[in-house]
Amino acid sequence: MIKGFIFDLDGVIVDTAKYHYLAWKELANSINIDFTETENEQLKGVSRAESLQRILNWGNVELSETKFNRMMSDKNKIYIDYINKMDETDILPDVPRVLNFLKTHKQLIALGSASKNAKYILKKLDLFDEFHVIIDGASVTNPKPNPEVFLTAAEKLHVSPIDCFVFEDAEAGIEAANAAHMKTIGIGDPKILSKANKIFSDFTQIPNVYLKNLIYK
Ligand code: BG6
Ligand code: MG
């Protein structure tokens, strides 16, 4: 049996979600907007532009297109400074074990991320070659919760969506994968990921026998 396994990047393979948060918070604070980690959940999985729009809405602030674009690029500069300090030691625990297990069992593996920095991050982590297909923020027009990113990944893997499993840490990502009619595995907090088919706190909680069942059942 050959199934498709699609991984989100930020917050699933690597803990970059905290860097997105810190970078946005610094920018938002500079225009007197503040937000909490709880509100930040609504920024996870969504595109850079949508994230900024949500932050501006919270502060009731409107920006000209020029200023909006400048803020997006300033945010990315702060974010990249964090990313540049990362290497393979930042890969989240047991992600390599899960990737290796799937590879050993000849499964197809894709990345399905909203990030335009995804390829750069995968190269920094030395994980780029682990993926048969990489769909990132530059590959699709409709960001999560639209299913396009996952449907494109399945199409490129030549696997039917119903034979795909998606690992996601964000509500928007779970919604996107559910809309693509894929099976969703939430990585993180069950309160946030309640729409997922199955939830684990992290990859250390996913035994090989569970993966084996996904492949052969
Ligand atoms: C997602 C993150 O993976 O990528 C979001 O969860 C982020 O927080 C989005 O906004 C876009 O990322 P980037 O790197 O293109 O700004
Ligand atoms: Mg994520």
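Position labels on residues start from 1 in each chain and follow its written sequence. By the order in which they are written, chains take letters starting at A while ligands take numbers starting at 1. Note on the predicted model: pLDDT of at least 70 is required for a residue's local features to be given, and 80 or more for side-chain atom pairs to be given and counted; whole-chain, interface and lining totals, by contrast, use all residues. Side-chain metrics in this entry use all non-hydrogen atoms of the structure; hydrogen atoms and water are not considered.

### Quick look at the packing of aromatic side chains
To keep things clear, this is the line we draw: Aromatic pairing here means that ring centres of Phe, Tyr or Trp (its six-membered ring) are within 6.5 Å. Orientation follows from the plane angle: under 30 degrees is stacked, over 60 is edge-to-face, and everything else is tilted. Strands are runs of DSSP state E lasting at least two residues, helices are runs of H or I lasting at least four, and both sets are numbered from the N terminus onward. Only protein chains enter the accessibility calculation, which uses a 1.4 Å probe; a residue is then buried when its area is under 20% of its type maximum, exposed when over 50%, and partly exposed in between. Lysine NZ or arginine CZ positioned within 6 Å of the ring centre and within 35 degrees of the ring normal marks a charge as sitting over the ring.
Summed over the entire model, instances satisfying the criterion amount to nine aromatic pairs. Taking 4.9 Å as the distance between ring centres and 10° as the angle between the ring planes, the aromatic pair formed by Tyr19 and Tyr82 counts as stacked. One end of the pair, Tyr19, is in helix H1 (residues 17–30); the other, Tyr82, is in helix H4 (residues 65–83), with 63 residues separating them in the sequence. Look at Tyr82 and you get partly exposed, because its relative accessible area is 23%. Seen in terms of ring centroids, Phe167 and Phe203 are 5.3 Å apart; in terms of plane orientation they differ by 55°. Their pairing is tilted. Here Phe167, found in strand S4 (residues 164–168), pairs with Phe203, found in the loop between strand S6 (198–200) and helix H9 (208–216); they are 36 residues apart in sequence, far enough to count as distant. Since its relative accessible area comes to 0%, Phe167 is described here as buried. Exposure remark for Phe203: the relative accessible area of 1% places this residue in the buried category. Here the guanidinium or amino end of Lys25 rests over the ring plane of Phe35, the centre of that ring lying 5.7 Å away. In this structure, Lys75 is placed above the aromatic ring of Tyr79, and the distance from its NZ or CZ to the ring centre is 4.6 Å.

### With respect to the pairing of strand S1 (residues 4–7)
For clarity, the threshold we go by: Any two strands with at least two DSSP-identified bridges between them are counted as paired.
Every second residue of S1 is oriented toward a common face, with Gly4 and Ile6 on one face and Phe5 and Phe7 on the other, all of them buried. Pairing between S1 and strand S2 (residues 108–112): four bridges, direction parallel. Along S2, the bridge assignment pairs Gly4 with Leu108.

### Describing the domain arrangement of the chain
Here is the rule: The source of the domain bounds is an automatic or database domain assignment. When checking whether two residues touch, look at their non-hydrogen atoms; a contact exists if any pair is within 4.5 Å. By convention, the term buried area covers the 1.4 Å-probe accessible surface removed from two parts as they join, with the contributions of both added. When a carboxyl oxygen of Asp or Glu is within 4 Å of a side-chain nitrogen of Lys or Arg, the pair counts as a salt bridge. Polar contacts here mean pairs of N or O atoms no more than 3.5 Å apart (in protein, one a potential hydrogen donor and the other a potential acceptor; neighbouring residues in sequence count only if both atoms are side-chain atoms).
Looking at the assigned domains, one finds that the chain contains domain 1 (4–14 + 87–216) and domain 2 (17–83). Look at where the C-alpha atoms of domain 1 and domain 2 centre, and you get two points 24 Å apart. Taken residue by residue, the interface counts 14 residues in domain 1 and 12 residues in domain 2. Of all residues in domain 1, the largest losses of buried area upon contact with domain 2 belong to Asp10, Asn117 and Ile192, amounting jointly to 31% of the total for that side. Taken together, the links from domain 1 to domain 2 amount to zero salt bridges. Counting every contact that joins domain 1 to domain 2 gives three residue pairs in polar contact (both at pLDDT 80 or more). Ranked by residue count, the leading element in the side of domain 1 that touches domain 2 is helix H6 (residues 118–124), at three residues.

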